[in-house]
Structures are given as structure tokens and as C-alpha cells.
Amino acid sequence: MPTIIIDGQEIKCRKGIPVLQAALDAGMNIPHYCYHPGLSVVASCRLCLMEMKMPHPQTRELGWDPKLFPACQTPVKRGMEVRFNSEKVRESQRHLMEYYLLNHPLDCPVCDKAGECNLQDYAEQFGSATSRMVEQKQKNPKKDIGPHTLLYSDRCVLCKRCIRFVAEITGTGEMAVVNRGSRNEIDVFPGMPLDNPLQGNVVDLCPVGALLDKSFLYKQRVWLLRTTKSVSPADSRGQTIFIDHNENGIHRIRPRYNERVNEWWISDEARFGWHHVQREERLDQPRVRNSDGLRPERWEELPQVLRQRMQTTLGEGGGSELALILSPMMSCEEAWLLAKHIREMAPEATLVLGHVPIVGEDRTFPKGFVIKAEKCPNRRGVETIIEHFGGNTSTWSDFLAQAVEGKFKAACVVGGYTEEWVTKEVAAALAKVELLVVHDLFPSALDETAAIQIPSATWAEREGTFMNCDGLIQPFERAIPPLEGVKADGQFFYELAGETGLYRAKKVREMMAAELPQFAEVFIPCDVPRHAH
Amino acid sequence: MAFEPVLMKHVNVPNSTALTVYKSDGGYEGAAKALKMKPDEVVDLVKQANLRGRGGAGFPAGIKWGFLPPDREVTYLCVNADESEPPTFCNRITIETDPHMLLEGILIAGYATKTTIAYIYMRGEFTEQFHILQKAIDEACAAGYFGKNILGSGYDLECYIHRGAGAYVCGEETGLIESLEGKRGWPRIKPPFPAVEGAFHKPTVVNNVETLACLPHILTRGVEWFTSLGTETSAGPKMYCVSGPVNRPGCYEAPLGISCRELIYGEDFGQGMRDGKKVKVVLPGGLSMGALRGDMFPKNPNPDQPDPKQDYDELDCILDFDDVRRYDLLGLGTAAAVVVPEDVDIREVLVNITRFYALESCGQCTQCREGTMWMYQIAQRLRAGAGRVCDLNLLVEISQNLGMMPGLSICGLSDGGGWPVRNLVQKFRKEFEQRIAEQGADAAARRIKEINPAAYESPIRGYQAAEVHP
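A. The arrangement of the overall build of chain B in detail. A count of helical and extended segments in chain B gives 19 helices and nine strands. A compact globule built from 470 residues would reach a C-alpha radius of gyration of about 23 Å, and chain B, at 24 Å, matches this within 12%. With respect to the principal axes defined by its C-alpha atoms, chain B has extents near 80 × 50 × 35 Å. In chain B, which comprises 470 residues, the share counted as buried stands at 53%.

B. Up close: the overall build of chain A. Along its length, chain A carries 13 helices and 25 strands. Structurally, chain A occupies a C-alpha span of about 95 × 50 × 40 Å along its principal axes. Split into buried and exposed, the 533 residues of chain A put 48% on the buried side. Counting contacts in chain A only where the partners sit at least 6 residues apart, residues at least 24 apart contribute 67% of the total.

C. Expanded view of the nonpolar core. In this structure, Leu324, Leu326 and Leu436 of chain A together with Cys78 and Val79 of chain B are the most contacted members of the largest nonpolar core, which totals 285 residues. Sorting elements by how many residues they give to this core places helix α6 (residues 99–112) of chain B first, with nine residues. Not counting residues within four places of it along the chain, the set of residues in contact with cysteine 78 of chain B comprises Tyr119, Tyr121, Leu176, Ile177, Leu180, Ala199, Thr204 and Val206 of chain B.

D. The packing of helix α2 (residues 29–36) of chain B against helix α9 (residues 209–221) of chain B, seen in detail. Residue and element names in this part refer to chain B. In contact at an axis separation of 8 Å, α2 and α9 are set at 70° when each is read in the N-to-C sense. The orientation of α2 relative to α9 falls into the category roughly perpendicular. Of α9, the residues touching α2 (which contributes Glu29, Gly30, Ala31, Lys33 and Ala34) are Leu215, Pro216, His217, Leu219 and Thr220. A per-class count over the contact of α2 with α9 returns five nonpolar, three polar and two charged.

E. View of the sheet that holds strand β13 (residues 249–255) of chain A. Residue and element names in this part refer to chain A. Read across the open sheet, the three strands follow the order β11-β12-β13; overall the sheet is antiparallel. Two strands lie at the open edges of the sheet, namely β11 (226–231) and β13, each paired on one side alone. The average angle at which neighbouring strand axes cross in this sheet is 30°, direction not considered. Across six bridges, the pairing between strand β12 (residues 240–246) and β13 is antiparallel. In the sheet register, histidine 245 faces β13, and the bridge partner there is isoleucine 250.

F. Representation of the interface of chain B and chain A in the model. Opposite the 40 residues of chain B that make contact, chain A presents 33 residues. Secondary-structure elements contributing two or more residues to the side of chain B that touches chain A are α12 (346–360), α13 (366–383), α14 (389–403), α17 (443–451) and α19 (465–468) of chain B. Top contributing element to the side of chain B that touches chain A by residue count: α13 of chain B, with eleven residues. Tallied by class, the residues present in the side of chain B that touches chain A amount to 21 nonpolar, 13 polar and six charged.

G. Molecular detail of the pairing of strand β4 (residues 204–208) of chain B. Residues and elements named next belong to chain B. Counting buried positions along β4 yields five of five residues, so the element is predominantly enclosed. Along β4, one buried face is formed by Thr204, Val206 and Asn208 and the opposite face, lined by Val205 and Asn207, is buried too. Pairing of strand β1 (residues 76–81) with β4 involves five bridges; the strand directions are parallel. Its bridge partner lying in β4, cysteine 78 is registered against valine 206.

H. Expanded view of the sheet that holds strand β10 (residues 211–213) of chain A. Residue and element names in this part refer to chain A. Here three strands make up an open sheet; going across it, the order is β6-β7-β10 and the pairing antiparallel. For this open sheet the edge positions go to β6 (142–144) and β10, each flanked by a neighbour on one side alone. On average, each strand axis in the sheet is tilted by 25° relative to the strand beside it, whichever way the strands run. Relative to strand β7 (residues 149–152), β6 is paired through three bridges, and the arrangement is antiparallel.

I. Expanded view of the domain arrangement of chain B. All names here are of chain B. One can read the domain layout of chain B as domain 1 (19–228), domain 2 (233–343), domain 3 (345–439) and domain 4 (440–468). Taking the mean C-alpha position of each, domain 2 and domain 3 sit 22 Å from one another. Across the boundary between the two partners, domain 2 contributes twelve residues, which contact ten residues of domain 3.

J. Geometry of the pairing of strand β2 (residues 9–12) of chain A. Residues and elements named next belong to chain A. Sheet topology note: the strand β1 (residues 3–6)/β2 ladder contains four bridges and is antiparallel. Looking across to β2, one finds that threonine 3 is bridged to lysine 12. Linkage of β1 to β2, two consecutive antiparallel strands, is achieved through a turn of two residues, within which aspartate 7 is found at a positive phi near 50°.

K. Focus on the domain arrangement of chain A. As far as domains go, chain A holds domain 1 (3–85) and domain 2 (287–520). Once you take the C-alpha centre of each, domain 1 of chain A and domain 2 of chain A turn out to be 53 Å apart.

L. Quick peek at the confidence of the model for chain A. The share of residues in chain A with pLDDT of 70 or more is 99%, and the mean pLDDT across the chain is 93. Across chain A, element-level confidence peaks in strand β25 (residues 473–476) of chain A with a mean pLDDT of 97 and bottoms out in helix α7 (residues 302–314) of chain A with 91.

M. Representation of the environment of glycine 333 of chain B within the structure. All names here are of chain B. Summarising the element assignment, glycine 333 is placed in the loop between β8 (292–293) and β9 (336–341). In the structure, glycine 333 is positioned 197 residues away from alanine 136 in sequence and 28 Å away in space, judged by C-alpha atoms. If we skip the residues at most four places from it in the chain, glycine 333 touches Gly56, Glu85, Gly285, Gly286, Ser288 and Met289.

N. Structural detail: unusual backbone geometry. Residues and elements named next belong to chain B. Note that the residue after lysine 190, namely proline 191, is joined by a cis bond; omega there is -5°. Structurally, proline 191 is set in the loop between α8 (173–180) and β4. A cis amide bond, omega 0°, links proline 191 with the succeeding residue proline 192. Along the chain, proline 192 falls in the loop between α8 and β4. A positive phi angle is found at aspartate 275, which is not glycine, with a value near 55°. Looking at the element boundaries, aspartate 275 is found in the loop between α11 (260–265) and β7 (279–283).

O. Quick peek at α2 of chain B. All names here are of chain B. What α2 keeps buried is the set Gly30, Ala31 and Ala34. Along α2, the residues classed as buried sweep out an arc of 95° about the axis, all on the same side. Here the buried face of α2 lies against α3 (39–49), α6 and α9.

P. Broad picture of the packing of helix α5 (residues 90–97) of chain B against α9 of chain B. All names here are of chain B. It is at 9 Å that the axes of α5 and α9 come closest, and there the two elements cross at 50°. On the basis of the axis angle, α5 is oblique to α9. Judged by residue contacts, Cys90, Asn91, Thr94 and Ile95 of α5 engage Val209, Glu210 and Ala213 from α9. Each residue belonging to the contact of α5 with α9 can be placed in one class, and the counts come to four nonpolar, two polar and one charged.

Q. Main features of the confidence of the model for chain B. Residue and element names in this part refer to chain B. Residues with a pLDDT of 70 or more make up 96% of chain B, whose mean pLDDT is 92. Mean pLDDT across the elements of chain B ranges from a minimum in α19, with 55, to a maximum in β1, with 97. Across the whole predicted complex the pTM is 0.93, and at the interface the ipTM reaches 0.91.

R. Seen up close, the environment of asparagine 12 of chain B. Residue and element names in this part refer to chain B. With respect to the helices, strands and loops of the structure, asparagine 12 is situated in the segment before α1 (19–24). Of the residues examined, asparagine 12 has 8 C-beta atoms within 10 Å and is grouped as exposed. Each C-alpha atom of the pair asparagine 12 and threonine 97 lies 8.2 Å from the other, and the pair is 85 residues apart in sequence.

Criteria and cut-off values
- Residues numbered from 1 in each chain as written.
- Chains lettered and ligands numbered in written order.
- Predicted model: local features only at pLDDT ≥ 70, side-chain atom pairs only at ≥ 80, totals over all residues.
- Helix = DSSP H or I, 4+ residues; strand = E, 2+ residues; numbered from the N terminus.
- Rg over C-alpha atoms; globule rule 2.2 N^0.38 Å.
- Buried ≥ 20, exposed ≤ 12 C-beta atoms within 10 Å, placed from the backbone.
- Contact = placed C-beta atoms within 7 Å.
- Core = buried A, V, L, I, M, F, W, Y, C linked by C-beta atoms within 7 Å.
- Axes fitted to C-alpha atoms, helices over the stretch in contact; angles between N-to-C directions.
- Parallel < 35°, antiparallel > 145°, perpendicular 65-115°, else oblique.
- Nonpolar A, V, L, I, M, F, W, Y, C, P; charged D, E, K, R; others polar.
- Pairing = 2+ DSSP bridges.
- Domains from an automatic or database assignment.
- pLDDT = per-residue confidence, 0-100.
- Arc of directions from axis to C-beta.

Next up, the structure:
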């Protein structure tokens, strides 16, 4: 680990990284636009210029070189000394900020980026209050460049991160610079809109408000948003995300840096995969079937009713005619709680891993980003838990086949899928079950035969952990309260198991860890401060 | 001793582009001689001759070749024939009249650097020249000067022409390489330098046409002949261009180190100004290198001690790689002088220069992209008779930020864009101030109100902000 001196401070840093990265890692706020740790270095914004001590060509004596060096392009070397706080560097930063604002419109009041805009921040921190530009401003057009994205090229600072992203990370290369010099503009090629499964990242990458997400356009001022750390349920990779929400509504999802999974990026599925949370059709109260069909029931009564019905249907014995279908959309804690409770009630109950949605094939991008075909977050976690409990277990297809033959008198089916999942075969098989308990987000064909219908909460309304396809256990936090009338899944299972008080995933995880030691440790990616992007 | 031209010796020879004509005058003998030596011996020879690159920076070609990693497997040679510096046309003459001299130079340089493929990156506007050179390459290939086992030496070299699409910045060596690779002509960040990682990620040498054209003569006539020409630090012949209202504009060959006055007034060169006018400005190295005051200014009483701060006639500047710096020029550049007579408004000159860089900046580095256009806009306003004295300070400041301090931008274009503007404003400040004084009292204010009312009315972005700014 080389030690270098930045602004008189000794800093230990990783070998071979650029000085700029070392400074950012050490918490220094160094202005930069074009540099991004996940992209190649172009050193064209010239904002991170620094002074460096170099040996004098004749005397070999170390002294400040008259030249300025771009910190993003200079790798760290043992014993090197650089500074950003000198008058010369500040002068250069001040001038550059003036240049950036020459043709930039003063439309911060209507710009979505305002409040988290690097141009605003740097102008305030490194710029000057006045502009000497009295000439006519150049106005570049606003463009619609894809199904999800707008480009307001008048706000663009030409850092070209977006171009490098589509060239290097997605390999699709839709964007390019057109024209020369100060008439440079970012654009897409004719007939080739920005439309790839990772395109939303260009909006996060944009340090100013040039690239905009259509679904977030003019929706919220960013300083009103609160942010929660979460894990995306979009696929089995467990991409870590930030949920930005306000007044119990989600407004957008951003990537959360994760060195072991998604790095700085997320797929569009993860980014836009929250609209089901706000769908009108969501189930919002538990209902129990009696002689005149499904009738609303109070949450308080529900555990009692459930137990009673089970007993009537199954009678005495080990409950070998009961099946518990655990969904790969559940968190590990929820699956463990429910499985444990059912097994305590009926030791011979069959545990089944429910439907695992698979769409297409895994897609790997040039720099290694993978979008999984498995569109659920916790298949592996639920599998681990079923394996742990052992005894009677079954696969989903075997279960369906047996159910058709009428092997099961009772079944508890946990759904929670974001998309429609009940096919005709599933509905037909489960129709043979006498007592069908359905725990799901949306109405489905199962409602026709369900004896008890329990609404569940979406992942953003719950907390817990998901185990991704590589066995990495990552916690997610609750962003918004559950829909009115809905009880968070964990809380309900907790009460079902006879526990009192508030369900806390961490508490349950500690209980789990006694039996399943791998749950003692969860993986939390390191925090990257905002100024470092 | 009268100087005998070598680079331009075939200019008036009929059918000089033909291989037979070139060979009849000792053509390809230098190459034959080089192929009998070891490659490193050729490099040493060029180092001894102190052949400095003719493209503008004057970096010694032999030393440049020495930067190639010794254990390389593939080397490329790029010939910079993207002659796009404004008043420069010497490479064009070489290609038009003596393409085989260039090809022989390529062969020698290729052999010395162990190159297997040479690319001639040619300015897109050179249409006729492309056909001439292509024909010469075909002829040379047929005669066995390119291809496999050249002249029985076991050395292979192929040569291709790549035509540019008309961008000034593609004359910068890494911009040229990017363009050659089929990408946008944006200069690369260095390191790695092209000698280590250039075209197609392989070690690459980029040399100017005129540099390579010198090589056959160094081999046939020897190092001593070469170093006997020119000045102590700048050896060899050089093709000087002179344009503007002189009696005989054109390209002339001379040993390095003639003075600017000689180039304009010399019998062998420009033969004086048309209509007996005096010179106001000379831009002696293309546009980028800066400006000299002409002979309409009084003579310097102490000619050995040039003082760019004083309003003296600077035509005594010696046009070699080093003396020009004493006159506050950036370098020799392409040694193509453009002469501006005394009756031209200095503001017109400024608009012309700033316009070129505003249109040709590639737009990668911020200060060059924004600064060049800003300077152009200011220059236009000055010309329209709506300048302010503070605009002159602003111009100097912007031009200084472009590249006066090295390292501010990726390539040299921004230095080249800033230097002549700063030079012009500093050296001709009196005239600028006089022109501004001749305007109406509130001309600037009225114009600014018209073009940018927000800036005029805002207390922060006010049109007087230039004066209050630090």
C-alpha cells in the first residue's frame, strides 16, 4: 500500500489507482466531471488538475512542477506529493467553472437535477459569483433520445460519461458526440434510440441535468426525497439500490454501489420495477370464505381462524396432507418463521419452493454486468431454509402433479410475485385442495377456490434479507409503510407463530443464526459518499 | 556559397512525379544505402544529423525513434500529411512534385524503426495530391521499393494512404492515430505516448512529410552536409512558405535560420511588399505560433536584445527552432509566414485567428472548447465597433488559460489557439485601444443590451462584471 501526500496529508491508498480516486477515498471533495471509477479515463473535463512535486531536470531536487497534472490520469506512486489547495489550482478551477457556465441555461428552478447537481455544487464551492460573458448564449436543443430518456443538451457539460457507459459497459454504443468544438453535442444515431436493458444508468451518471428520466421528470424536488437502502427484487442477482420516496410513495430507484454484485449500475428492470407497489388492484384486507363467499376478516382474528380451519380439515396427526408453498419473493426471515411455525403445528407437512419465474436467458454485458433470467430475489435463500428443515419436501412441479391427484387436503400458498403467475394448470391443481390459504399481492384465479385470502406487502414495505444466486446474503430496509389495510408479511407470520411485539428482521435473523450459522453475517456494501461519484 | 535546394530540386522538372525521372537524379540511392546498414545505425545517423521534426514542435526525429520499446514486435509508421495549419503548403508541394522523395524517406524511416506498415494520413482536401501519391506508391511497389524483401535486404514494408475528413486537430499526432483507427479525431491522453502505444495499441512513430523528405539527403550527402546547413541547434534545409500581399508569395527552400525580413523582402523569396506597403503583422509559423510586429514600427535600437514588450520592428527574428522564442513566439511551427500589411485593421486579424480555432477545436477539453468560441465572440464584437478596454484584458486572460501553463489541456491545439491571441493583443494593444476609443461612447453598452439583455440588466452578470471580477 503506497503512502502519498495530498495537501500535506499522508494518505494510504491502494496500488495503481489514480490520485483522484485516492483523494476521493480519503474523503476529499475534488471537483471532477469526466472521471468515474467504473469507466475509462479521458481526462477531458480538466477540473481535477493538481500540482505535483517533480525532480528538477538538472538538480534532481524535488519541487512543485510548473505544470498542472490531471489527477484522474496520474497513478499513485509511493512517496509522491500533490496538492489541490494551492492558488494556482484554485485559479484554474475558478476559470473552468466560468467556462462551464458560459452557455449553461439558468433553469435550476425547473431542473430535476437541482439539489444534487454537480454543476451547482462546484459553481458554489469552486466557482465565482460573477460571469463575464456578455455575448449571445448558444442554445442547444432538447431531444427525445429513447423510450425512457430525454436529453436537454443545453445543460450538458460534455463529460461524455454516458457515451463511455454505452460503449464500455453495455457495449451497445448508441450515443456519440456530434459536431465540433463548442458546438459539440451528445446525440444518438438516427433510427437508433437509447434503448438497452441498462440505459437508465446514464441518468445517474450525468453530473448535471442533461439526461433525464421521463418517469421522474418534474415529479419531485430531490431535497424532499428520503432515501432507503434496499435490494432489488427484479432478479436473482440481488442488485443493491436506493429507494427514493416521499410521503409514502416511491418516486425513483437508484443504484447503490456494491463491489460484489452490481458495482455502480442497475438494470432497468430494477430501476423501473416498483410500479406494482402502486397498482390499484392490490389486495388490501384479509378475507375468509364462508357460505356466501369470501368475506372480510379482521387481522386480529385471522391466526385463530386459520388454526381452526386447519384443524378441521386435517384432523389429528402429523399433517402429512398439508403443503406449505414458500415463494422465492419472500425474505429469508419470513420463510424461516413461516416454515418453522407450520412444522411445529404439523411436523409432516410438505415444504415446497414455489414457482420460480424465468424469463429468457441470462444476459452478460461486456464488462461483466449480468442480468439474470431468474426474476425473483430469494430462490436460493428459500431453498436453503427448506433444506434446513428437511423432512417432507417437494419441488413445485411434483407438488402440482400430486395436488392434481388430490394428495393434499390443505395448502398454504405464498405468492408475492410482481407479475401474474397463476396459470391454468396451477389453478386447476390447487382447486383440488380443500383448504387453500393464499397469501398474495394481487387477485388471481386462485381466489375462486381460496378459503382464506391474505394480502401481502411488497418488498419496499418490508424488511429482511435476500440470498442472491451466488449465496450472498444482503439485507434490505423498509422504505414505505404497507398499503393501508395490509400487514407486513413478517409481522403477520410473527404473530401467527404466537410471538408478541414488533417484528424486526434482525431479531429473527439472530434466532435463525442459532440453527443456520450462515445467517449470522450479512453482506453490506461499503458506503460511497455522494461527492465521490 | 550559394544554397542548392534539395527538397525542392524537382519543382520545375517536367514529369517529376515519375519514378524514372526521380531515379535518374539519384533517387532511392539513399534508401539502398540505408538498407545495407543496420537499423540502429540509421537511427544513430539521424540522431547525429540532429534532424528536428518539421511538423511544428521541432522534436528531434532520431530521439523520437529511440523511444520505441526495444522488444516490440510490430511497429507502425504514420506519416503526417494532414497539412492543415492555415498558411502552410510545403508538404503539398513535396507530394505534388516529388512524391518519391517522400516514399524514399518513408522507406528509410520504416527500415530504421523496423516498421512493417506505413500509413500516410493525408488531408482530406488533397484530392489531386492523393492520386499523384497513390500512383507513385503503385510505381514504387512495382519496382520493388515496397512490398516483400525490398532490394534484397529481407526487409518488408507496405504503404497505404488514409485520407482524413477535414479536421485541423487530426494533424495532432494522437488525433491522427485515432482518426486513422476510424474513430473521432480526438487527441489521446498521454502517457502512453505513441512510441509505446499508438495506432491499434502498437508502438507507432508519427513523422511529418518534410521530416521524412530530409532523410534521403542525409543518407546520400552525409551528416556533415546536413549539419553544415542551418544554425547551431537547427540543422538542415527547410521549406518556408510566405503568403499575403508580397510580390512573390510561395514556398521557398532555404537553410534553417533565415530572418523573417529576408523571407518577405529577399530576392530569392517574397521580393518585398506589393505597392510598397509596410508590414503590420507577420505570423511566421502558421497561425499558432504567435505574431511579430512588422516594419511599420520603429527599428529596435538594440537589435541583439529583442524586447517583445516594446513596440519595435521584429522582422529580424531568425526563423529557426530557438530564436523565435526570444520574440515571445511559441516556436517555429510550420515556418509559413502570413504577412498582414499596414492598412488592415488589427481587429480583422483577430477575428480571423479566433474564428479558425473556434471552428477547429475538437471540444474535448473544456477551456479550449469554450474559450476559443468565447474569444471569437469577443473578437466579433470588437470588430463590430462595440469593444471595451476590459475585453482586451479578458482576451489575454482567456488565452492564457488555454494553455500558457502547460498541462491545462490534452493537446497543443489550445496552446496554439491562445498564443497568437495573447500575442496580438499584447503587441498591438495601442491600436486596439485606439479603435475602441474611436467608437461611440456607449457603443459597447448598446450592443451588449442587444445581444444579451440578461447580462446587461443583471447586477451580478452585468456587462461591467469584467471589471469587477478578480
